[in-house]
Amino acid sequence: MSVRTRFAPSPTGSLHVGGVRTALFCLLHARRHGGRFLLRIEDTDRARSTEEAAEGILRDLRWLGLQWDEGPGAEQAGTGPYFQAQRLDLYNAVIDQLLASGHAYEAWDTHAELDAERAIASAAKLNFRYVRKFLDADTIAAYRAEGRTPVVRLAAPRHDLHVEDEILGQVTQTADELDDIVIRKADGFPTYHFAVVIDDYKMGVSLVLRGQEHLMNTHKHLGIYEALNWAPPKYAHLPLIANPDNTKMSKRDKAKTSREAARRAQVERKGDPKDWSWLAEATGRTVDDLAGFMAKQHDSIATAEAIATFLKVKLPMIEVMDFRKGGYLPEALINYMALLGWSPGDDREVLPFDELVAAWDLTRVNKTQAKFDAEKLAWMNGEYIKKYDLDTLTVAHTSYLDVVPTSPFAGMPAERRRAFLALYQPRIATFADLDEAARFFFIRPTTWDAKAVQKHLLADGGLERLALIRDALAALPEWAAAEIQLALDGLAATHDVKLGQIAQPLRVALTGTAVSPQIHDTLALLGRTESLDRLQAALSTHAR
RNA sequence: GAUCCCAUCGUCUAGUCAGGUCCAGGACACCGGAUUUUCAUUCCGGCGACACGGGUUCGAAUCCCGUUGGGAUCACCA
């Protein structure tokens with residue numbers, strides 16, 4: 001049987017790290033075995049699914065280079081459509097079949113009735129199992145008359161069910177734990193459990209690779225396969241990715257971080273703990289939105305981000321867009337994610353996509369949940385930045401600028417950005433680092449690092465040397481790195497000083513600090529006029 | 001609470017299935033040193049783990065049992 005894997009996100013939000021890892025492993029598995037990787041959008045939750053979220057997910061997957069063989073925009077005869085909301089006829093046909101064969105039945109309970117049953121079970125310290133009701137035609141007619149619409153439930157198997165998981169081994173659920181799950185909701189849409197089974201089967205999926213949060217669901221799915229007498233696919237459940245504090249990584253972490261920061265700020269300003277109007281005003285959100293957010297009534301990412309910006313706290317990176325805006329390279333992110341819960345078995349860590357594919361082995365996936373380590377990701381990103389050729393790096397940098405219009409490099413021609421990247425390639429881990437490190441190129445120093453001024457300008461004749469340097473540079477016929485380097489070397493030889501005694505006063509004058517790339521490169525990139533102006537400014541500012 | 005999953009340096013992991021080659025290897029981080037005009041890069045070194053308790057065995061990180069700890073799931077969400 002040919003290998004077919006699928007990634008099936010629901011479009012209720014943007015793509016986050018857990019989803020990236022699942023999609024990546026599915027793709028690696030398909031590529032390794034010459035199979036196909038499908039993308040399906042699970043939009044059966046009509047209240048929460050949005051077209052915008054679906055588009056965002058497609059965009060993020062494309063940015064990551066996680067290209068699907070079949071799915072939206074890559075239609076294949078026989079397997080589409082790839083949005084579940086467009087597949088209702090398919091589901092209903094199977095539900096009719098199940099109803100006719102007696103494997104499923106209509107249930108008329110209201111939410112209130114079910115809640116009451118659950119409350120009774122919980123009071124008796126028993127686990128809730130749905131109890132089938134055998135209703136006569138009159139009762140059903142009465143329910144219908146009062147406006148009830150039935151759901152369809154699957155009659156659960158009466159025997160134990162075993163999942164043969166490719167990673168975890170056999171996982172059993174006993175018959176008495178199986179419940180009659182809802183397969184069609186009152187709104188006529190299938191539940192996730194039902195749609196996932198029908199689609200995986202109809203799309204020929206051979207291996208379901210997903211997060212371990214689905215492990216307990218698998219027995220439900222197996223029950224459906226059994227009722228239909230269909231052969232189920234293979235299953236493999238990936239360990240979850242956790243935060244440093246061991247909680248599950250989720251988008252809610254952003255809300256959590258912002259809430260904590262807001263509470264700290266409230267304490268600091270000694271404000272009324274219930275009054276958030278000041279924050280609403282400061283962040284431009286409505287008072288209601290902020291009050292609701294602080295009362296944990298919602299976890300709006302927009303609100304969380306507004307608060308974080310105002311209070312200057314860093315939100316955890318969770319969503320793909322966070323990493324893109326953070327100046328990460330998609331290939332580095334992919335490489336790092338591959339190493340979360342999997343390893344090639346040897347000491348290699350920097351593995352570009354093709355090498356990941358070649359090394360891929362499902363049986364090497366771990367059972368233990370892994371914590372997301374942003375520092376190691378930053379290191380990995382630095383490795384990729386160092387090894388990329390400048391043209392590739394410049395293209396990647398353009399993609400960064402597309403989402404970070406506030407970067408000082410926004411609008412700069414690629415040619416000139418390339419020169420900056422060449423200079424900073426060994427010194428940055430992310431493009432965001434570059435914005436920070438190269439800031440002095442864009443803003444003349446207005447404050448000077450006191451220690452650096454003392455050491456390199458005031459002491460040891462620094463200022464006098466700086467004046468000589470300025471004159472020598474001003475006399476240069478051509479302003480280029482090589483010529484400048486030659487001139488500075490010559491100056492050091494003539495005056496019998498070490499190069500550091502030339503370079504350091506220059507750095508302080510040009511940048512306000514003792515840190516910059518190679519001094520001749522810095523001068524060249526800064527340009528003649530700007531460099532000489534800055535030297536002059538430093539000389540007059542620090543003259544005794 | 002019930003059911004299920006998991007357990008090696010602070011973190012990601014190799015080693016576990018087929019017990020000895022492991023007083024446990026690599027990487028990130030951290031600390032120190034060398035190179036470098038500064039910062040980086042690069043290179044060297046250091047720190048640091050088999051959760052605990054029993055058992056099986058000549059021998060256990062590896063097999064078994066228990067304890068503890070962590071996690072997931074218990075919806076007309078996916």
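Thresholds, definitions, all that
- Residues numbered from 1 in each chain as written.
- Chains lettered and ligands numbered in written order.
- Predicted model: local features only at pLDDT ≥ 70, side-chain atom pairs only at ≥ 80, totals over all residues.
- Heavy atoms only, no water.
- Helix = DSSP H or I, 4+ residues; strand = E, 2+ residues; numbered from the N terminus.
- Rg over C-alpha atoms; globule rule 2.2 N^0.38 Å.
- Buried < 20%, exposed > 50% of the residue type's maximum accessible area, 1.4 Å probe, protein only.
- Contact = heavy atoms within 4.5 Å.
- Pairing = 2+ DSSP bridges.
- Axes fitted to C-alpha atoms, helices over the stretch in contact; angles between N-to-C directions.
- Expected span 1.5 Å × (residues − 1).
- Arc of directions from axis to C-beta.
- Right-handed = clockwise from strand over helix to strand, strands pointing away.
- Parallel < 35°, antiparallel > 145°, perpendicular 65-115°, else oblique.
- Left-handed = near helix turned anticlockwise from the far one by under 90°.
- Salt bridge = Lys/Arg side-chain N within 4 Å of Asp/Glu carboxyl O.
- Near = heavy atom within 4 Å.
- Polar contact = N/O pair within 3.5 Å; in protein donor to acceptor, adjacent residues only side chain to side chain.

Student: How would you summarise the overall build of chain A if you had to cite specific residues and measurements?
Tutor: The helix and strand tally for chain A stands at 25 helices and 11 strands. Against the compact-globule benchmark of 24 Å for 544 residues, chain A has a radius of gyration of 31 Å, which places it well outside the compact range. Every one of the 544 residues in chain A was classed for burial, and the buried ones make up 49%. Contacts spanning at least 24 positions in sequence make up 74% of the contacts within chain A whose residues lie at least 6 apart.

Student: Break down unusual backbone geometry for me, citing the residues and quoting the values.
Tutor: Residue Pro81 follows Gly80 across a cis peptide bond; omega there is -10 degrees. Secondary-structure assignment places Pro81 in the loop between helix H2 (51-64) and helix H3 (88-101). In the Ramachandran plot, Asp496 falls in the positive-phi region, its phi being about 55 degrees despite a non-glycine side chain. Along the polypeptide, Asp496 turns up in the loop between helix H22 (481-494) and helix H23 (499-511).

Student: Give a description of the sheet that holds strand E7 (residues 182-184) that names residues and reports values.
Tutor: Strand order in the open sheet made by the 3 strands is E3-E4-E7, with antiparallel pairing throughout. Sheet topology places strand E3 (104-107) and E7 at the edges, where each strand pairs with a single neighbour. Across the sheet, the mean angle from the axis of one strand to that of its neighbour is 45 degrees, orientation sign disregarded. In the sheet, strand E4 (residues 151-154) pairs with E7 via 2 bridges, with the strands oriented antiparallel. If you follow Arg153 over to E7, its bridge partner there is Val182.

Student: Before we move on, can you summarise helix H21 (residues 462-474) with the specific residues and values?
Tutor: Spanning 13 residues, H21 covers 18 Å between terminal C-alpha atoms, matching the ideal 18 Å at 1.5 Å per step. Those residues of H21 that sit buried are Gly462, Leu463, Arg465, Leu466, Ile469, Arg470 and Leu473. Viewed along the axis of H21, the buried residues span an arc of 150 degrees, placing them on a single side of the element.

Student: Could you give an account of the pairing of strand E2 (residues 36-39), naming the residues involved and the relevant values?
Tutor: Consecutive residues of a regular strand have side chains that alternate between opposite faces of the sheet. Note that strand E1 (residues 4-7) and E2 share 4 bridges and pair parallel. Bridging across to E2, Thr5 finds its partner in Phe37. Between the parallel elements E1 and E2, the chain passes through helix H1 (residues 17-32) in a crossover that is right-handed.

Student: Quick rundown of the packing of H22 against H23? Include the residues and the values.
Tutor: Look at H22 against H23: their axes get within 8 Å of each other, and the N-to-C directions meet at 125 degrees. Taken together, the axes of H22 and H23 are oblique relative to one another. The two elements H22 and H23 cross, and the hand of that crossing is right-handed. Of the residues in H23, those touching H22 at Leu488, Asp489, Leu491 and Ala492 are Leu499, Ile502 and Leu506.

Student: Before we move on, could you go through the pattern of salt bridges and cite the residues and values that matter?
Tutor: Tallied over the entire structure, the rule returns 32 salt bridges. Between Glu117 and Lys133 there is a salt bridge, with its nearest N and O atoms 2.6 Å apart. Here the residue Glu117 occupies a position in helix H4 (residues 111-123), and Lys133 occupies one in the loop between H4 and helix H5 (137-145), the gap between them amounting to 16 residues. For Arg534, the salt bridge goes to Glu530, with nearest N and O atoms at 2.8 Å. Note that Arg534 and Glu530 are positioned in helix H25 (residues 528-542) at a spacing of 4 residues, about one turn of the helix. Assessed through its relative accessible area of 3%, Arg534 is described here as buried. When salt bridges with common partners are traced through the structure, they connect Arg6, Arg40, Glu42, Arg87, Asp199 and Asp200 into a single cluster.

Student: Now, about the protein's contact with RNA strand B: what can you tell me, with residues and values included?
Tutor: Taken together, the neighbourhood of RNA strand B is formed by 64 residues, with Lys185, Gly341, Glu349, Arg427 and Ala503 sitting nearest. Of what RNA strand B places within 4 Å of the protein, 76% of the atoms are sugar or phosphate. Contact distances for RNA strand B include 3.0 Å between a sugar or linking oxygen and a backbone N or O atom of Leu339. In the model, a sugar or linking oxygen of RNA strand B is placed 3.2 Å from a nitrogen or oxygen of the Gln504 side chain. For the surface near RNA strand B, the elements supplying multiple residues, two or more each, are H4, E4, strand E6 (169-173), helix H6 (192-202), strand E11 (370-371), helix H15 (374-387), H23 and helix H24 (519-526). For the surface near RNA strand B, the element with the most residues is H23, which contributes 5 residues.

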